[in-house]
Structure formats: C-alpha cells, structure tokens
Amino acid sequence: MIFVFFKPLDTKKQEFVDIPLLDIDKFTLYEFDTNTLQTVMIGKRALRYSDRYTVTNIDFTDHSKDFISNMKADEGLYIGDVVDLKGNVVYYREDGMAFEAPTLLYNTKTAIATTDDDFIAYQDDSTMHGHTLIYNANITKMISANVLINYKLKEKK
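In this text, all values refer to a predicted model and were calculated from it rather than measured experimentally.

Each value, and the rule that gives it
Residues numbered from 1 in each chain as written. Predicted model: local features only at pLDDT ≥ 70, side-chain atom pairs only at ≥ 80, totals over all residues. Heavy atoms only, no water. Helix = DSSP H or I, 4+ residues; strand = E, 2+ residues; numbered from the N terminus. Buried < 20%, exposed > 50% of the residue type's maximum accessible area, 1.4 Å probe, protein only. Contact = heavy atoms within 4.5 Å. Areas by Shrake-Rupley, 256 points an atom, 1.4 Å probe, with all protein chains shown as cover. Core = buried A, V, L, I, M, F, W, Y, C linked by side-chain atoms within 4.5 Å. Pairing = 2+ DSSP bridges. Axes fitted to C-alpha atoms, helices over the stretch in contact; angles between N-to-C directions. Salt bridge = Lys/Arg side-chain N within 4 Å of Asp/Glu carboxyl O. Phe/Tyr/Trp six-rings, centres within 6.5 Å; stacked < 30°, edge-to-face > 60°. Lys NZ or Arg CZ within 6 Å of the ring centre and 35° of its normal.

### A closer look at the overall build of the protein chain
Scanning the protein chain from terminus to terminus reveals 1 helix and 9 strands. Starting at the N terminus, the α and β elements of the protein chain follow one another as α-β-β-β-β-β-β-β-β-β. In the protein chain, which comprises 157 residues, the proportion classed as buried is 31%. Counting contacts in the protein chain only where the partners sit at least 6 residues apart, residues at least 24 apart contribute 29% of the total. Total accessible area computed for the protein chain in this model is approximately 10900 Å², and 55% of it derives from carbon and sulfur atoms.

The following block contains the structure:
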C-alpha cells in the first residue's frame, strides 16, 4: 500500500570510464632507475590516471641521456615514454640549443622531439624560424621545412 502514495526512487546507473586515481597540487615527481635519476617532473597540478598523468604548468627534465633536456609548457600529458606538451612550449638542452613552439611531442626513449607547428630555434646568437620540426637530441640533428636561418659567424681572434 505504501507504494501507491510513494514512488521508489528511480536510480540511474552511472558508469565512470576515466576516474583520476590521484589529484596532486604543486608537486615534484622523481623517476629513478636502479642506478640514477631519470626524469624530474614539476607542476602546478596533476591528475594521475591508471595509464597517464595530465599536468598543468609542466616542467619536465630528462636526465636519462648523456645530456640534460628540459621542457616547459602550459599543459602536458605524460603517457608511457611520451610527453605531449601544449601551450608556450620551451625546449632547452644543456649545450645551449633551445626552441619554442605551441606544441611538442617528446619521446623519452628515443630523445626525439617533434612539432607540426611554426617554431623558433636558437643557439648562441644564431636563430632558425621554420614550420614542422623533428629534432633527434641523440645525434643533434634537426629536420624542418620552410626555414629561415640567421647564423652568426664567430670572429677569429
């Protein structure tokens, strides 16, 4: 008789496909192998999912090669061996080579950085503007299209 006057609540079943496992503010993440520090990731906020990190104001440093590379961006997505950076990306390598682009895809295993956007690269007083970039940091080789290079010759003393 009670169900005549009161209707039971109709609850809807919800399926959550992608729930963060961890929500972190102002953090530093250190990644080690058995011997050395491999990577350092600093950010304003990160969401950790089962397969990835999404990071706001990412500052990612790769120590895993013979050189140190640092990348900063407004947003980053770190999945497996790939760091996908978006917004005001700055890449800097300890030998002084740097470039800026709106987006960058960096593979930590191969040390290859790529962008399909316009970019500016610089080292010392030399600059290069171009569209699309593939940079292999292991062999310091750049492949690009539509480039304009301003190369400063060093004076002999």
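More follows now that the structure is in view.
### Some points on the nonpolar core
Ranked by size, the top nonpolar core spans 28 residues in total, and within it Met41, Ile58, Phe60, Leu85, Tyr91, Phe99 and Leu104 carry the most contacts. Counting only elements with at least two residues in this core, the list comes to strand S2 (37-48), strand S3 (53-62), strand S4 (69-79), strand S5 (82-93), strand S6 (98-107), strand S7 (112-123) and strand S8 (126-136).

### Some thoughts on the environment of Tyr92
Mapped onto the elements, Tyr92 comes out in strand S5. Separated by 24 residues in the primary sequence, Tyr92 and Ile68 have C-alpha atoms spaced 8.6 Å apart. Apart from the residues within four sequence positions on either side, Tyr92 is in contact with Ile68, Ser69, Asn70, Met97 and Ala98.

### A look at the sheet that holds S6
In spatial order, the strands read S1-S2-S3-S4-S5-S6-S7-S8-S9; together these 9 strands make up an open sheet with antiparallel pairing. Since the sheet does not close on itself, it has two edges, and those belong to strand S1 (22-32) and strand S9 (141-150), each with one partner. Going across the sheet, the axis of each strand differs from the next one's by a mean of 25 degrees, ignoring polarity. Where S4 and S5 come together, 9 bridges link them in antiparallel fashion. Across the sheet, residue Ile79 finds its bridge partner in S5, namely Val82.

### Concerning the pattern of salt bridges
Under the defined criterion, the tally for this structure stands at 5 salt bridges. One salt bridge in this structure joins Asp51 and Arg52, with 2.8 Å as the shortest N-O distance. For Asp51, a relative accessible area of 46% corresponds to the partly exposed category. What makes Arg52 buried here is its relative accessible area of 17%. Among the ionic pairs, Arg93 bridges to Asp95, the shortest N-O distance being 2.9 Å. Here Arg93 falls in the buried class, since its relative accessible area comes to 7%. Since its relative accessible area comes to 37%, Asp95 is described here as partly exposed.

### Thoughts on the side chain of Thr108
By the secondary structure assignment, Thr108 is in the loop between S6 and S7. We classify Thr108 as buried; its relative accessible area is 10%. The contacts of Thr108, once residues within four sequence positions are left out, are Phe60, Asp62, Ser64, Lys65, Asp81 and Val83.

### Points about the packing of aromatic side chains
Scanning the model with the defined rule gives 6 aromatic pairs in all. Arranged with centres 6.4 Å apart and planes meeting at 25 degrees, the rings of Tyr53 and Tyr78 form a pair that is stacked. Pair noted here: Tyr53 is in strand S3 and Tyr78 is in strand S4, with a separation of 25 residues, a long-range link. Like Tyr78, Tyr53 is buried. Grouping aromatic residues by their ring pairs yields a cluster made of Tyr91, Phe99, Tyr106 and Tyr135. The ring of Tyr49 is capped by Arg52, whose NZ or CZ atom sits 4.0 Å from the centre of that ring. Over the ring of Phe67 we find Arg93; its NZ or CZ atom is 4.3 Å from the centre of that ring.

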